[in-house]
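# Summary of structural features
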Amino acid sequence: MFITLEGVDGSGKTTQAELLVAALGRNTVRLREPGGTPAAEEIRSLLADPETPLDPIAELLLFCAARADLIGRVIKPALETGQTVVCDRFVDSTIAYQGVARGLGIVRVREINDAATGGLDPDLTLLIRIDPAKGLRRAQSDDRFEAEGLRFQERVAEAYDDISRREPHRVTVIDGEGTPEEVHARIMAVVEAKLAR
Ligand code: TYD
């Protein structure tokens, strides 16, 4: 089973990924994008540095390169041995951030992602929804996307909502307001229902 978590910066995904993996137990791998392999971690530090100027297409290709390496070297082997993979961000992040908020276009971003993923789709995507303004206040890393400001995060949030409307069978919206434990309980209800099917 391949589960991804998505949401605007500061939505609490990372805490929720931790709680989910702890609840699912031993046979579960926790990953975050970009990252998870030596090459992808190097790409992550390049992408995170707001001082390194990057052409938007180069930025898109770097996210996809990190993703291809993570899929080939970690995600596929884990799924093949029956492990559950929980990944903090995946293709939907690239659609929302690069495709919509950066304006590169959903069709182009999807095509390039298909090349990177070989068509691998999550079984379940948990979209943690919070007010983007609140998220931006909460996010403290000040990376190149947080530095883009509120309007950018609002475009990301709208793009996520579109994805959830278009793919309701895969994407479940989780209310991200409340304590981490409250949000975790909402997530567990959805994951347990999916596992029981
Ligand atoms: P990170 O520190 O992991 O942020 P968060 O904890 O909010 O996930 O940084 C990842 C940043 O990269 C985040 O701002 C979203 C952005 N991003 C993209 O723009 N495109 C992508 O494909 C991915 C995976 C992340």
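Residues numbered from 1 in each chain as written. Predicted model: local features only at pLDDT ≥ 70, side-chain atom pairs only at ≥ 80, totals over all residues. Heavy atoms only, no water.

## Describing the pairing of strand E4 (residues 124-129)
Burial within E4 is extensive, with five of its six residues counted as buried. One ladder, built from four bridges, connects strand E1 (residues 2-6) with E4; its direction is parallel. Each residue of the ladder has a partner; that of leucine 5, found in E4, is leucine 126. The pairing of E4 with strand E5 (residues 171-175) spans five bridges and is classified as parallel. Looking at E5, one finds that arginine 129 is bridged to aspartate 175. (Buried < 20%, exposed > 50% of the residue type's maximum accessible area, 1.4 Å probe, protein only. Helix = DSSP H or I, 4+ residues; strand = E, 2+ residues; numbered from the N terminus. Pairing = 2+ DSSP bridges.)

## Observations concerning the pattern of salt bridges
By the definition in use, this model includes 16 salt bridges. Here aspartate 88 makes a salt bridge to lysine 13, at a shortest N to O gap of 2.7 Å. With a gap of 75 residues between them, aspartate 88 in strand E3 (residues 84-88) and lysine 13 in helix H1 (residues 13-24) connect regions that are remote in the sequence. Salt-bridge contacts for glutamate 158 lead to arginine 151; the nearest nitrogen and oxygen are separated by 4.0 Å. For glutamate 158, a relative accessible area of 45% puts it in the partly exposed group. For arginine 151, a relative accessible area of 45% translates into the label partly exposed. Within the structure, one salt-bridge network assembled from shared partners comprises Asp92, Arg110, Glu167 and Arg170. (Salt bridge = Lys/Arg side-chain N within 4 Å of Asp/Glu carboxyl O.)

Purely spatial values, then, with no claim about function.
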